[in-house]
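# Descriptive analysis of the structure
Below are the chains, spelled out letter by letter.
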Amino acid sequence: MAPLPDFIDDLGRGVFAVDTGFLRPRFDAAYLLSHNGRAAFIDTGNNHAVPRLLAALDAIGLPREAVDYVIPTHVHLDHAGGAGLLMSHLPCATMVVHPRGARH
């Protein structure tokens, strides 16, 4: 794998922290989990973070079709504000969210 952009940290074992760029560097992160060519995002950041999340897939060599799940932990904008936009780029992904958060 080529060197990762500075906003992505390889935490090992297929776990990547993606700095969402919210407020200041390294303040907020979404996580990309990768295993056997499949992936999931935990949290999304807001809409401004979506290009970084898509770039993270590119950086580790996964197509958008490899993302099976987007899992926001809760509906605060810094954790789930970009969920809808991200889903529009991930044709095979399923959103997993608590029923109370689904309407948001």
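Residues numbered from 1 in each chain as written. Predicted model: local features only at pLDDT ≥ 70, side-chain atom pairs only at ≥ 80, totals over all residues. Heavy atoms only, no water.

### A word on the layout of surface pockets
Using the following cut-off: Cavities and pockets are found on a 1 Å grid laid over the protein atoms alone: a cavity is a set of points where a 1.4 Å probe fits but cannot escape, a pocket is an open set with protein on both sides within 12 Å along at least five of seven lines, and a lining residue has an atom within 4 Å of such a point. Grid points are joined across faces, edges and corners, and a volume is the space filled by probe spheres set on the points. Note on conventions: DSSP H or I runs of at least 4 residues are helices, E runs of at least 2 residues are strands, and numbering of each starts at the N terminus. Any residue that is not Ala, Val, Leu, Ile, Met, Phe, Trp, Tyr, Cys, Pro, Asp, Glu, Lys or Arg is counted as polar, Gly included; the first ten are nonpolar and the last four charged.
Roughly 150 Å³ of volume is contained in the largest pocket. Taken together, Pro72, Val75, Leu77, Ala80, Gly81, Ala83, Gly84, Met95, Val97, Gly101, Ala102 and His104 make up the lining of the largest pocket. Every element with two or more residues in the lining of the largest pocket is listed here: α2 (77-80), α3 (83-89) and α4 (99-102). Looking at the lining of the largest pocket residue by residue, the classes come out as 8 nonpolar, 4 polar and no charged.

### Some thoughts on the packing of aromatic side chains
Quick reminder of the rule: Aromatic pairing here means that ring centres of Phe, Tyr or Trp (its six-membered ring) are within 6.5 Å. Orientation follows from the plane angle: under 30 degrees is stacked, over 60 is edge-to-face, and everything else is tilted. Consider the ring centre and the ring normal. A charge sits over the ring if Lys NZ or Arg CZ is within 6 Å of that centre and within 35 degrees of that normal.
This model, assessed by the stated rule, comprises 1 aromatic pair. A cation over an aromatic ring shows up here: Arg52 above the ring of Phe7, its NZ or CZ 4.9 Å from the ring centre.

### Considerations on the nonpolar core
Note the threshold: Side-chain atoms within 4.5 Å link the members of a nonpolar core, which is a set of buried Ala, Val, Leu, Ile, Met, Phe, Trp, Tyr and Cys residues. Each residue gets one of three labels from its accessible area relative to the maximum for its type: buried under 20%, exposed over 50%, partly exposed in between, using a 1.4 Å probe on protein chains only. The contact definition used throughout considers only heavy atoms, calling two residues in contact when any of these lie within 4.5 Å.
Ranked by internal contacts, the top residues of the largest apolar core, which has 21 residues, are Leu32, Phe41, Leu57, Val67, Leu86 and Leu90. Those elements that provide at least two residues to this core are β2 (15-19), β3 (29-35), β4 (38-42), α1 (50-60) and β5 (67-71). Looking at this core element by element, the count peaks at 6 residues for α1. Contact partners of Phe41, with chain neighbours within four places excluded, come to Tyr31, Leu32, Leu53, Leu57, Val67, Tyr69, Val70, Ile71, Leu86 and Leu90.

### Focus on the pattern of salt bridges
Heads up, the rule is: Every case where a carboxyl oxygen of Asp or Glu lies within 4 Å of a side-chain nitrogen of Lys or Arg is listed as a salt bridge.
For the structure shown, the criterion picks out 2 salt bridges. When the shortest N-O distance is used, the salt bridge between Asp68 and Arg38 registers 2.5 Å. Highlighted residues: Asp68 in strand β5 and Arg38 in strand β4, separated in sequence by 30 residues.

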